[in-house]
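What follows is the residue order along each chain.
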Amino acid sequence: MTLEHLAGRLTLTLTHDGAAVTHCHSEFSRPPLAARLLAGAAPADAAARLAPLFAVCRRAHALAADLAAQALHGPATPRPEALAELEAEARQDILRRVALDWPLACGDSPDADFVAAVRAQPAALGQALQDYVLGEPCADWLARGYHGWLAWARQRHTQYAWRLADLMAESCGGMPLLSFPSEGELAALGRELLDDDQFAQTPSWVGSPVETGPLARQANWVASLFAAEYWPAARMLARLIELVRLSQGSAGYQARAVALDPQRAVAVVDTARGLLLHAVAVDAHGQVADWRILPPTAWNFHPEGAWAAALDRVLPEQAEAAARRAALWLDPCVEYQLMIKDSRQYA
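The structure displayed is predicted, hence computed values, not measured ones.

Q: For this particular structure, what's the right way to read the overall build of the chain?
A: Looking only at helices and strands, one finds 16 helices and seven strands in the chain. A globule of 347 residues ought to have a C-alpha radius of gyration of about 20 Å, and the chain, at 21 Å, matches this closely. When its C-alpha atoms are laid out on the principal axes, the chain stretches across 65 × 55 × 35 Å. The long-range fraction of contacts in the chain, counting pairs at least 24 apart against all pairs at least 6 apart in sequence, stands at 65%. As presented, the chain carries roughly 15000 Å² of accessible surface, and 50% of it is formed by carbon and sulfur atoms.

Q: How do you make sense of the sheet that holds strand 1 (residues 9-16) when you look at a structure like this?
A: Sheet strands pair via backbone hydrogen bonds, and the direction of the pair is either parallel or antiparallel. What the three strands build is an open sheet, ordered 2-1-7; its pairing is mixed. What marks the edges here is a single partner per strand, and that holds for strand 2 (21-29) and strand 7 (336-342). Strand-to-strand, the axes of this sheet are offset by a mean angle of 10°, without reference to chain direction. Sheet analysis places strand 1 next to strand 2, joined by eight bridges and oriented antiparallel. Its bridge partner lying in strand 2, Thr 13 is registered against His 25.

Q: Looking at this structure, I do not really get the packing of helix 7 (residues 125-134) against helix 13 (residues 231-247). What am I missing?
A: Helix-helix packing is described using two parameters, namely the angle between the two axes and the distance between the axes. Put simply, helix 7 and helix 13 touch, their axes get as near as 9 Å, and they point 145° apart. For the crossing formed where helix 7 meets helix 13, the hand is left-handed. Residues Leu 125, Gly 126, Leu 129, Val 133 and Leu 134 of helix 7 touch helix 13, and the partners they reach there are Leu 240, Leu 243, Val 244 and Ser 247.

Q: Would you take a moment to explain the sheet that holds strand 4 (residues 264-270) for this structure?
A: One open sheet accounts for four strands, arranged 3-4-5-6; its pairing is antiparallel. At either margin of the open sheet sits one strand with a lone partner, and together these are strand 3 (255-261) and strand 6 (288-294). Taken pair by pair, the neighbouring strands of this sheet meet at an average axis angle of 15°, ignoring direction. Note that strand 3 and strand 4 share six bridges and pair antiparallel. Among the inter-strand pairings, Ala 259 is bridged to a residue of strand 4, identified as Ala 265. Helix 3 (residues 43-50) rests against strand 5 (275-282) and strand 6 of the sheet, and its axis sits at about 40° to strand 6. Against the sheet, helix 10 (residues 183-195) makes contact with strand 3, strand 4, strand 5 and strand 6, and its axis sits at roughly 60° relative to strand 3, the strand it touches most.

Q: How should the pattern of salt bridges be read in this particular structure?
A: A side chain of one charge can pair with a side chain of the opposite charge if their charged atoms are brought near each other. Counted by the stated rule, this structure contains 23 salt bridges. For Glu 211, the salt bridge identified is with Arg 235, shortest N-O distance 2.9 Å. Taken together, the positions of Glu 211 in the loop between helix 10 and helix 11 (214-217) and Arg 235 in helix 13 put the pair 24 residues apart, joining distant regions of the chain. Relative accessible area serves as the criterion here: at 3%, Glu 211 is assigned to the buried category.

Q: Is there a simple way to explain the nonpolar core in this structure?
A: Soluble globular proteins tend to bury their nonpolar side chains together. Core analysis: the largest hydrophobic core is formed by 127 residues, its most contacted members being Phe 114, Trp 141, Trp 291 and Trp 307. It is helix 13 that provides the largest number of residues to this core, a total of 11 residues. Discounting residues that sit within four places of it in the chain, Trp 141 has contacts with Leu 134, Glu 136, Trp 149, Trp 152, Leu 237, Leu 240, Ile 241 and Val 244.

Q: Is there a simple way to explain helix 3 in this structure?
A: For an α-helix the count is 3.6 residues per turn, leaving residues at separations of three or four pointing the same way. Every buried residue belonging to helix 3 is among Pro 43, Ala 46, Ala 47 and Leu 50, and all of these are buried. In a view along the axis of helix 3, the buried residues occupy a sector of 100°, so they form one face of it. Residues of helix 3 that are exposed and point more than 90 degrees away from the buried face comprise Ala 44 and Ala 48. The inward-facing, buried residues of helix 3 contact helix 2 (33-38), helix 4 (58-71), strand 5 and strand 6.

Q: Looking at this model, I keep getting lost on helix 13. Mind explaining?
A: If you check helix 13, its first and last C-alpha atoms are 24 Å apart, about what 17 residues at 1.5 Å a residue would give, namely 24 Å. Backbone geometry just downstream of helix 13 places Gly 249 in the positive-phi region, at approximately 70°.

Q: Would you explain unusual backbone geometry in this entry?
A: For residues besides glycine, phi is generally negative; the peptide bonds are generally trans as well. Residue Glu 229 is not a glycine yet carries a positive backbone phi of 70°. Along the polypeptide, Glu 229 turns up in the loop between helix 12 (219-227) and helix 13. Here the phi dihedral of Asp 331 falls at roughly 60°; this positive angle occurs in a residue that is not glycine. Tracing the backbone shows Asp 331 in the loop between helix 16 (319-330) and strand 7.

Q: Looking at this model, I keep getting lost on the confidence of the model for the chain. Mind explaining?
A: Regions with low pLDDT should not have their predicted coordinates read in detail. Summing up the model confidence of the chain, the mean pLDDT is 92 and the portion of residues at 70 or higher is 97%. Put simply, helix 1 (residues 3-7) is where the chain has its lowest mean pLDDT, 59, and strand 4 is where it has its highest, 98.

Definitions and limits used
Residues numbered from 1 in each chain as written. Predicted model: local features only at pLDDT ≥ 70, side-chain atom pairs only at ≥ 80, totals over all residues. Heavy atoms only, no water. Helix = DSSP H or I, 4+ residues; strand = E, 2+ residues; numbered from the N terminus. Rg over C-alpha atoms; globule rule 2.2 N^0.38 Å. Contact = heavy atoms within 4.5 Å. Areas by Shrake-Rupley, 256 points an atom, 1.4 Å probe, with all protein chains shown as cover. Pairing = 2+ DSSP bridges. Axes fitted to C-alpha atoms, helices over the stretch in contact; angles between N-to-C directions. Left-handed = near helix turned anticlockwise from the far one by under 90°. Salt bridge = Lys/Arg side-chain N within 4 Å of Asp/Glu carboxyl O. Buried < 20%, exposed > 50% of the residue type's maximum accessible area, 1.4 Å probe, protein only. Core = buried A, V, L, I, M, F, W, Y, C linked by side-chain atoms within 4.5 Å. Arc of directions from axis to C-beta. Expected span 1.5 Å × (residues − 1). pLDDT = per-residue confidence, 0-100.

Structure (structure tokens):
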């Protein structure tokens, strides 16, 4: 078994009957990698060994693992440098989506000049965003606020303004949003994660699938869009707001850990894709007995979650393109397999 397999698998299935989409289902599965590899280790040693196993969100995994291990012995507070590294990692992740994947999903080619500018001067992301994405200084764009951003989109001065304006005509279903949890909420999530073997595969909050990520973090700014069921536009605008804030050092990513009891602790960190949790349990000798990880992909691709809801109004002839676009907006942390099924073939 390769590390790619250990990272998890995501299968997306869309079924139609020729006239309408009849069922959508997403399944994220990940073997208990951490528990297998870290059993019997000291928590601090286990945390140090864990992060290199992940190709995606490596710094986020490192911080979550470290905080969970620390919380077993007392208060765990993230260092400012660790939070800065967390935001730097998220900035690169979101930038790749904005520069390369979004244009392709919208039927365009990536903006070669924007990509070249970012590669030539990574530290000058704010200037590149001004020149190729926003058409104005980042601070001025942020100061516009919700109605100003909609006006910016309708003016269509840049490719990205065009894309957002076009998305404002697309509606679909959505899910409740999960924002950064309080200590009490985190403790409840940690208990669910450690006590329920299925929770890491099909997590829920207050009995419902939820969406986590930039849309949840920027919900106050884009609430009118998703309240009107313009979820694709809400997700794009939220990610754009977040990328601009990350370029200005004002994104405010968070990390937190709590002890559940003397032998169990849980930590949560913000990532580009949403909330990442690590929960650890130790035995009577203080060695790792269990270690569980809940990535944002498990939230966003719950079998009855945001991906399935995004396809509730899709016509069969649009199914594959719409399914891939919905996956892009939710940004899974693993490769996915998409299956389109015609139920008439099984009748």
